Amino acid sequence: MTPLDHDQALEIARVLTEALPYIRNYQGRVVVIKYGGNAMLDDKLKASFARDVVLMKLVGMQPIVVHGGGPQIGALLERLGIESRFIDGMRVTDAQTMDVVEMVLGGQVNKNIVNFINANGGRAVGLTGKDGGLLTARKLSTANTAAAADDLGHVGEVTQVDRGVLSFFAGSDFIPVIAPIGADPDGLSYNINADLVAGKIASEMGAEKLILLTNTPGVLDKQSQLISRLGANEVPRLLEDGTISEGMMPKINAVVEALAGGVQRAHIIDGRVEHAVLLELFTDVGIGTLIE
């Protein structure tokens, strides 16, 4: 192993010193992370994310991971000859598509994330929202949206989060990894937007932070420049003038709902950056867009 030179050693010491107060402040605190986008497709980024989550747990934080899987679902649907259609950033989900969603999210994607976390020194447990009645769902109401005239099928929204299931993990060494699938009281399954699930769980668990990983640097203005800080009261204007649109809409809606539910801060950050979660949590500058 090549020894560090003086400047490298000083830089490492500076980074550790900068991180220390954040580690102290977040001990015992719940941080909900929505994991998705390109960070789920690149092995180097997957390993980076896994190490971030393991480190969070080791220093006393309580990470809860909620994952998406849109590209993986889309790829399998294409191979099966099933068209993918989106309205307001949400996948139209008929019964056939719902079967694919459960197969991909609850099986392939969920277990892949669990394996990466475990391989990097953590103890992850994979769940869907149907396990233990974690997420009770209902058909998504589309009143007053662009989707009002369309039937989104098995697209749902969360009506209840069972805190008991997640509280068990908070008092253990395990890291819960949750696929955004829920069921109604009659057992009918629903595909739920992962950003919205993460926001609901963050509110219910009294999370210190909600972090959404995406494929952009954060919320961008009309000149495609990063908006580094955003007040929740500014969101309606940005939605109205089209600055926030399409796939960013569910993320912003999740954030606004989480903040209204008591979450202190929310961040939309670039999952294409290695160790994006640690950079957001443990550095003074952070990355992405802070919404408060």
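What you see is a predicted model; the values in this text were computed from it and never measured.

The rules behind the values
Residue positions are given per chain, counted from 1 along the sequence in the order it is written. Selection of residues for local features in this predicted model requires a pLDDT of at least 70, selection of side-chain atom pairs for listing and counting requires 80 or more, and totals for whole chains, interfaces and linings are taken over all residues. Think of the side-chain values as coming from all heavy atoms in the structure, minus any hydrogens and water. For the purposes of this entry, the term helix denotes a DSSP run of H or I that reaches at least four residues, the term strand denotes a run of E that reaches at least two, and both are numbered from the N terminus. Radius of gyration: over C-alpha atoms. The globule rule applied is 2.2 Å multiplied by the number of residues raised to the 0.38 power. Here's how the labels work: a residue is buried when its accessible area is under 20% of the maximum for its type, exposed when over 50%, partly exposed in between, all with a 1.4 Å probe on protein chains only. In what follows, a contact means two residues having at least one pair of non-hydrogen atoms within 4.5 Å. By convention in these notes, a salt bridge is any Lys or Arg side-chain nitrogen within 4 Å of a carboxyl oxygen on Asp or Glu. All axes here are fitted lines through C-alpha atoms, helices being fitted over the stretch that makes contact, and every angle between N-to-C directions spans 0 to 180 degrees. For classification, angles of less than 35 degrees are called roughly parallel, those exceeding 145 degrees roughly antiparallel, those between 65 and 115 degrees roughly perpendicular, and all remaining angles oblique. Put simply, Ala, Val, Leu, Ile, Met, Phe, Trp, Tyr, Cys and Pro go in the nonpolar bin, Asp, Glu, Lys and Arg in the charged bin, and everything else, Gly too, in the polar bin. Only when DSSP finds a minimum of two bridges between them are two strands counted as paired. Crossing handedness follows the turn of the near helix against the far one: under a right angle anticlockwise gives a left-handed crossing, and clockwise gives a right-handed one.

**Structural notes on the overall build of the protein**
- Counting its secondary structure elements, the protein contains nine helices and 14 strands.
- Relative to its length of 292 residues, the protein is compact, with a C-alpha radius of gyration of 19 Å against a globular reference of 19 Å.
- Taking the principal axes of the C-alpha coordinates as reference, the protein spans close to 65 × 40 × 35 Å.
- Counting the 292 residues in the protein, one finds 51% classified as buried.
- Sequence-distant contacts in the protein: of pairs separated by 6 or more residues, those separated by 24 or more amount to 74%.

**Description of the pattern of salt bridges**
- Here the structure, examined in full by the defined rule, presents 13 salt bridges.
- Here R123 ties to D173 by a salt bridge, and the two come within 3.9 Å at their closest N and O atoms. Separated by 50 residues along the polypeptide, R123 in the loop between helix 4 (95-119) and strand 5 (124-128) and D173 in the loop between helix 5 (163-170) and strand 8 (175-179) bring together distant segments of the chain.
- The partly exposed category is assigned to R123, whose relative accessible area is 45%.

**Re the packing of helix 6 (residues 194-204) against helix 8 (residues 248-260)**
- Viewed as axis vectors pointing N to C, helix 6 and helix 8 meet at an angle of 10 degrees, and their least axial separation amounts to 8 Å. Classed by the angle they form, the pair helix 6 and helix 8 counts as roughly parallel. Mapping the contact onto sequence places D195, L196, G199, K200 and S203 in helix 6 and P250, K251, N253, A254, E257 and A258 in helix 8.
- For the contact of helix 6 with helix 8, the per-class residue count stands at four nonpolar, three polar and four charged.

**Quick word on the pairing of strand 10 (residues 189-192)**
- Of the two faces of strand 10, the one lined by S189 and N191 and the one lined by Y190 and I192 are each fully buried.
- Sheet topology places strand 7 (residues 155-161) next to strand 10; two bridges connect them, and they run parallel. Each bridged residue has a counterpart across the sheet, and for V155 the counterpart in strand 10 is N191.
- When strand 9 (residues 181-183) meets strand 10, the two strands line up antiparallel, connected through three bridges. Looking at the pairing, I181 lines up with N191 of strand 10.
- The hairpin turn running from strand 9 into strand 10, its antiparallel successor, is five residues long, and G187 in that turn takes a positive phi close to 90 degrees.

**Observations concerning the sheet that holds strand 14 (residues 289-291)**
- Here eight strands make up an open sheet; going across it, the order is 5-8-2-1-11-13-14-12 and the pairing mixed. Of all strands in the sheet, those bounded by a partner on one side alone are strand 5 and strand 12 (229-230).
- The pairing of strand 5 with strand 8 spans five bridges and is classified as parallel. Opposite G126, over in strand 8, you have V177 as the bridge partner.

**Looking at the packing of helix 3 (residues 70-79) against helix 4**
- Running from N to C, helix 3 and helix 4 point in directions that differ by 130 degrees, and their axes come no closer than 10 Å. When the interaxial angle is binned, helix 3 and helix 4 end up oblique. The handedness of the crossing between helix 3 and helix 4 is right-handed. On the side of helix 3, the interface is formed by Q72, I73, L76 and L77, while helix 4 contributes T97, V100, V101, M103, V104, L105, Q108 and V109.
- Among the residues making up the contact of helix 3 with helix 4, the classes are represented as nine nonpolar, three polar and no charged.

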